[in-house]
Amino acid sequence: MTDRWYRELRQRFRELGADLRPHALELDRDPEAIRAHFDLPAVRYLAAMGVPAEYGHDPEPIAGRPCHGARARERVVIMEELAAADAGMLVAAPGPLLAGVLVGLVADERQRELFYGRMLQRPLWTFFALTEPDRGSDAAGLTTSLRPADDGGYLLTGAKRYVGNACRAQLGVVFARTGPGPLGIVPVLLETPAEGFTAEPLPSIGLRGARISAIELDEVRVPAENVLGRHLSPTRRGMWAFVQTFNLLRPGVAAIGVGMARAAHEYVLAHRRAPSKDERRRIDALGRRIDGARALTERAAEAVDARTSDGHLASAAKLRAGNLAEEAALLACEFFGPAARLEHPLLDKLVRDAKSLEFIEGTTQVQQLNLAQGLVSGKVDGTRRSA
Amino acid sequence: MTGRIRELGPLLRGRARQEGLVPALAGLHAALSPRAPHHGPTGFAVAPAELADGGAERTERLPGGEVVVLRGEPGAEPEDWGEAVVWLRLGCSEALRETAVGHLGERVSGGSALLHRQLVRAQLADALTGQLEVRAVLDRPEPRTAADLAHAHDRLSAADRGLARLLGASGYLLGGPGHVADVSALLAAAYAHPEES
Ligand SMILES: Cc1cc2nc3c(=O)[nH]c(=O)nc-3n(C[C@H](O)[C@H](O)[C@H](O)COP(=O)(O)OP(=O)(O)OC[C@H]3O[C@@H](n4cnc5c(N)ncnc54)[C@H](O)[C@@H]3O)c2cc1C
């Protein structure tokens, strides 16, 4: 794709994003309000984003080409633009997102058809359940178990926490363990409602559209054919699969950070009348930081599209953009006096929403460790150092 | 420091630290604005719900009670109010630090407690430095200006953000310690003085 095409893509999603903004505060009060907005073109697009063409996904062309949203480089443009409009609406929208990327990586033909086919029938939410109450960053230590059942299928038992959209999803991926160690981890496809499955929303400080949930799994039956990647070797499905999925998606999370930072910046530009010279300088400096984070994010997306295992740039982008979103929201407040958060509900929401990025797809410390590991293992610029 | 804040400040800090933000805020009002919520220089008040007479802009449900944000006309500042709010927030921030240390001590990752990770310790140390700085500013014998207090609020807000992060996503839930920290930041918003320009 050419730079010109990406500019057109950006322009198109900027237009679509304009319809999201008016619902930002409504959704913050009631995360289920998204149900009234399935007809918005941006929400409709997200409901099928990432579904490949061969499963019948036929999105409206942009500058003569359809954009399936299956590449990280496309997604970073789309996510930035929609997050700049409202990140809450973006994450509230139904669609295949994380689960869809994993399915693309490890599902067999039948599983793909099942998953993608259902995405195209009507908008439905999916979830991607990895985090456990006692295991967040340390996902490799997960304990949810998948045991063989008498009927040749499996039984899933355990608990997951903070899983986006799980309380309203119809389809999702759960990571569980069939044995010890990293090779004992497998993802399974789960349809809900299912007996033994419960998911309750957890009220959050911000980004309420994400509807993070606590899941209980009490001997939930999983047919053998719903075990993802069972046609692959164990080294290519469990840990490997979620690391690659995160690598592919992390630039998109970084892009949400860039978009949120831009929302804060644009709010200042629109509402701070007659800024002083010093204020102008500070506003411009924030703009340059946003540009820098965007450049890094786009580069990270290109890197993972070329090779899914090259995720260190994605960590750098997520580190930079995630923290920038929070800083930008706080900096924006400074232009409106100490009571900014009380007087400007959108700024207050941005401050609360931006805090979420610290946790999504790995915290600051986790990205720092990933990045340093990338450096010492020689991935960053090809010069291997002794660790 | 006037005689009164010398006693009231540490009292509010202790109450915030041991009992929580809501009881400490009730104590602050009882001591300095017993009849009605005090509206700060920007016209906002943050008060325990019992003290308010309806008309809340927002309501925050915290452990130990509800806090409301009210909008009105700026009130005449009771003496010591600004400094008392900083003491109160310092206590809240210290309580958050204790919660974080407890949480990280129990949470195991890769075979050892998170509290033993150096990156975690660095973030803890950063927050602690901010709290110690605020304590040092409050203890200085000369009177504190509005700018001193605004600076102290900034340091506490930054410390709280770092500490809430250390709780992982549990620090991002309503009704939990991260929510208390967020409401503590609203106290600064209501009662810090706008910069003179
Ligand atoms: C809005 C939102 C949406 C989410 N969506 C999903 C989802 O869809 N699916 C899902 O599975 N999960 C989801 N999560 C959960 C998220 O992935 C976890 O919160 C994250 O992995 C961190 O885990 P934790 O909260 O348990 O924190 P912990 O891992 O307990 O971390 C606590 C602190 O310790 C630090 N730390 C942890 N390990 C180390 C280490 N080895 N070295 C140094 N420091 C360390 C962390 O940086 C953090 O500061 C979501 C969270 C949020 C807030």
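Refer to the preceding data block for the structure.
Nothing here was measured: the structure is a model prediction, and the numbers come from that model. (Residues numbered from 1 in each chain as written. Chains lettered and ligands numbered in written order. Predicted model: local features only at pLDDT ≥ 70, side-chain atom pairs only at ≥ 80, totals over all residues. Heavy atoms only, no water.)

1. Considering the interface of chain B and chain A
Line of reasoning, step 1. With 32 residues of chain B at the interface, the matching set in chain A holds 35 residues.
Line of reasoning, step 2. For the chain B and chain A pair, buried surface summed over both sides reaches about 2700 Å², with 59% attributable to carbon and sulfur atoms.
Line of reasoning, step 3. One can count six salt bridges joining chain B with chain A.
Line of reasoning, step 4. As a salt-bridge pair, A:Lys355 and B:Asp182 come within 2.7 Å of each other at their nearest N and O atoms.
Line of reasoning, step 5. The interface formed by chain B and chain A holds 17 residue pairs in polar contact (both at pLDDT 80 or more) in total.
Line of reasoning, step 6. Among the secondary structure elements, those contributing two or more residues to the side of chain B that touches chain A are β3 (65–71), β4 (108–109), α4 (118–139), α5 (146–166) and α6 (177–191) of chain B.
Line of reasoning, step 7. At seven residues, the largest contribution of residues to the side of chain B that touches chain A is made by α6(B).
Line of reasoning, step 8. A breakdown of the residues in the side of chain B that touches chain A according to their chemical character gives 16 nonpolar, 10 polar and six charged. (Contact = heavy atoms within 4.5 Å. Buried area = accessible area lost by both parts, 1.4 Å probe. Salt bridge = Lys/Arg side-chain N within 4 Å of Asp/Glu carboxyl O. Polar contact = N/O pair within 3.5 Å; in protein donor to acceptor, adjacent residues only side chain to side chain. Helix = DSSP H or I, 4+ residues; strand = E, 2+ residues; numbered from the N terminus. Nonpolar A, V, L, I, M, F, W, Y, C, P; charged D, E, K, R; others polar.)

2. With respect to helix α3 (residues 41–48) of chain A
Residues and elements named next belong to chain A.
Line of reasoning, step 1. Where burial is concerned, most of α3 is hidden: six out of the eight residues are buried.
Line of reasoning, step 2. Those residues of α3 not exposed but buried are Ala42, Val43, Tyr45, Leu46, Ala47 and Ala48.
Line of reasoning, step 3. Elements in contact with the buried residues of α3: α1 (3–17), α4 (72–92) and α6 (109–121).
Line of reasoning, step 4. One or two steps after α3, the chain reaches Gly50, where phi turns positive at roughly 100°. (Buried < 20%, exposed > 50% of the residue type's maximum accessible area, 1.4 Å probe, protein only.)

3. Regarding the site of the ligand
Line of reasoning, step 1. Lining the immediate environment of the ligand, one finds 25 residues, of which A:Phe128, A:Thr131, A:Ser137, A:Thr363 and B:Arg107 sit closest.
Line of reasoning, step 2. Looking at the residues close to the ligand, they fall on chains A and B.
Line of reasoning, step 3. With respect to the ligand, the backbone of A:Tyr162 contributes an N or O atom lying 3.1 Å from a nitrogen atom.
Line of reasoning, step 4. A:Gln365 places a side-chain nitrogen or oxygen 2.7 Å from an oxygen atom of the ligand.
Line of reasoning, step 5. Bound to the protein, the ligand loses 92% of the 980 Å² it would expose on its own.
Line of reasoning, step 6. Every element with two or more residues in the shell around the ligand is listed here: β3 (126–129), β5 (154–163) and α12 (364–376) of chain A together with α5 of chain B.
Line of reasoning, step 7. Looking at the shell around the ligand, its residues break down into 14 nonpolar, eight polar and three charged. (Near = heavy atom within 4 Å. Areas by Shrake-Rupley, 256 points an atom, 1.4 Å probe, with all protein chains shown as cover.)

4. Let's talk about the sheet that holds β3(B)
Residues and elements named next belong to chain B.
Line of reasoning, step 1. What the three strands build is an open sheet, ordered β1-β3-β2; its pairing is antiparallel. Bordering the open sheet on either side are β1 (44–48) and β2 (58–62), each of which pairs with just one other strand. Each strand of the sheet is rotated relative to its neighbour by a mean of 20°, with strand direction disregarded.
Line of reasoning, step 2. Of the strand pairs in this sheet, β2 and β3 are connected by five bridges, and their pairing is antiparallel. Bridge pairing in β3 places Arg61 opposite Glu66.
Line of reasoning, step 3. Of the strands in this sheet, β1, β2 and β3 touch helix α2 (residues 21–32), which is tilted by about 115° from β1.
Line of reasoning, step 4. Where α6 meets the sheet, its contacts fall on β1, β2 and β3, and the angle it forms with β2 comes to roughly 140°. (Pairing = 2+ DSSP bridges. Axes fitted to C-alpha atoms, helices over the stretch in contact; angles between N-to-C directions.)

5. Brief notes about the environment of B:Leu114
Residues and elements named next belong to chain B.
Line of reasoning, step 1. Inspection of the secondary structure puts Leu114 in the loop between β5 (112–113) and α4.
Line of reasoning, step 2. Expressed as a C-alpha distance, the spacing of Leu114 and Glu19, which sit 95 residues apart in the sequence, is 26 Å.
Line of reasoning, step 3. Ignoring any residue separated from it by four or fewer positions in sequence, one finds Leu114 in contact with Leu104, Arg107, Ser109 and Val120.

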